[in-house]
Amino acid sequence: QKEVEQNSGPLSVPEGAIASLNCTYSDRVSQSFFWYRQYSGKSPELIMSIYSNGDKEDGRFTAQLNKASQYVSLLIRDSQPSDSATYLCAVNVIQGAQKLVFGQGTRLTINP
Amino acid sequence: SQTIHQWPATLVQPVGSPLSLECTVEGTSNPNLYWYRQAAGRGLQLLFYSVGIGQISSEVPQNLSASRPQDRQFILSSKKLLLSDSGFYLCAWNYGGGYEQYFGPGTRLTVT
């Protein structure tokens, strides 16, 4: 069973600080990794994709990938109350129609 | 640009009643289409996916079915709803060559 694991939280971070979200995955052959943000009552929104080892930055967001450790993370700098949401990690499944496996999500709260 | 629609947005149905949820994608052709269910406080469970008209793959055996009568239309159905069918139903699509998935706004189903 291919799995993606995240700490469910809640993770509480003061406004302006760095929020760090972590995800581990079990399938060594996975090549594509994604972070989705889901506000309460809304559908998930893709915010970051990463395919190679190292860091990828987009505005206040940085995704980090370490395939040897099967670990992917998301850093949010200068956290804002509007960043309060559940963050879902997703990893590709090699066989069949570009499927993704999602983690359970980490609930993040940014405290003003 | 591509847009994905789902309807209805909210649905309350009695146990044993039928169900039909619809998803359509605009602005692309021959997308892969996916149905997910998210139970309260839980992760995303892939229910069905489709790589083309009339091609449906089921991930979880249950009393739900899916159909794809047109290239950009995906329908989720049930003949008799169970209480356990309550949840947030999400349709997603992606390009045939990639793994990034984009979600519709979702349908919140409550079975009473």
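What you are looking at is a predicted structure, and each value in this text was computed from that prediction instead of being measured.

Observations regarding the environment of Ile76(A)
Residues and elements named next belong to chain A.
For step 1, the next point in the chain: Tracing the backbone shows Ile76 in strand 8 (residues 71–76).
For step 2, the next point in the chain: Separated by 49 residues in sequence, Ile76 and Asp27 have C-alpha atoms that sit 26 Å apart.
For step 3, the next point in the chain: Contact partners of Ile76, with chain neighbours within four places excluded, come to Ala17, Ile18, Ala19, Leu21, Arg60, Phe61, Asp83, Tyr87 and Leu108.

Focus: the pairing of strand 1 (residues 3–7) of chain B
All names here are of chain B.
For step 1, the next point in the chain: Here strand 1 shows a buried face lined by Ile4 and Gln6 and an unburied face lined by Thr3, His5 and Trp7.
For step 2, the next point in the chain: Across 5 bridges, the pairing between strand 1 and strand 3 (residues 19–26) is antiparallel. Paired with Ile4 across the strands is Val25, a residue of strand 3.

Focus: the state of the cysteines
All names here are of chain A.
For step 1, the next point in the chain: Here the structure, examined in full by the defined rule, presents 2 disulfides over all chains.
For step 2, the next point in the chain: In this model Cys23 forms its disulfide with Cys89; the gap between the sulfur atoms is 2.1 Å. Because the sign of the S-S torsion sets the handedness, a value of about -75° for the bond joining Cys23 and Cys89 places this disulfide among the left-handed ones. Of this pair, Cys23 sits in strand 3 (residues 19–25) while Cys89 sits in strand 9 (residues 85–92), and the two are 66 residues apart along the sequence.
For step 3, the next point in the chain: On the accessibility criterion, Cys89 (0% relative accessible area) is buried.

Observations regarding the sheet that holds strand 7 (residues 61–66) of chain A
All names here are of chain A.
For step 1, the next point in the chain: In spatial order, the strands read 1-3-8-7-6; together these 5 strands make up an open sheet with antiparallel pairing. Each having just a single partner strand, strand 1 (4–6) and strand 6 (54–58) make up the two edges of the open sheet. Strand-to-strand twist in this sheet, taken as the mean axis angle between neighbours without regard to direction, amounts to 20°.
For step 2, the next point in the chain: As paired strands, strand 1 and strand 3 are joined by 3 bridges and run antiparallel to one another. Paired with Gln6 across the bridge in strand 3 is Cys23.

Quick word on the pattern of salt bridges
For step 1, the next point in the chain: A complete count under the given rule lists 6 salt bridges over all chains for this structure.
For step 2, the next point in the chain: A salt bridge links Glu45(A) to Arg37(A); the shortest N-O distance between them is 3.0 Å.
For step 3, the next point in the chain: Two residues, Glu59(B) and Lys99(A), come together in a salt bridge whose shortest N-O distance is 3.0 Å. Residue Glu59(B) is located in the loop between strand 6 (55–58) and strand 7 (64–70), and its partner Lys99(A) is located in the loop between strand 9 and strand 10 (100–102); the two belong to separate chains.

Procedures and definitions
Residues numbered from 1 in each chain as written. Chains lettered and ligands numbered in written order. Predicted model: local features only at pLDDT ≥ 70, side-chain atom pairs only at ≥ 80, totals over all residues. Heavy atoms only, no water. Helix = DSSP H or I, 4+ residues; strand = E, 2+ residues; numbered from the N terminus. Contact = heavy atoms within 4.5 Å. Buried < 20%, exposed > 50% of the residue type's maximum accessible area, 1.4 Å probe, protein only. Pairing = 2+ DSSP bridges. Disulfide = S-S within 2.5 Å. Axes fitted to C-alpha atoms, helices over the stretch in contact; angles between N-to-C directions. Salt bridge = Lys/Arg side-chain N within 4 Å of Asp/Glu carboxyl O.

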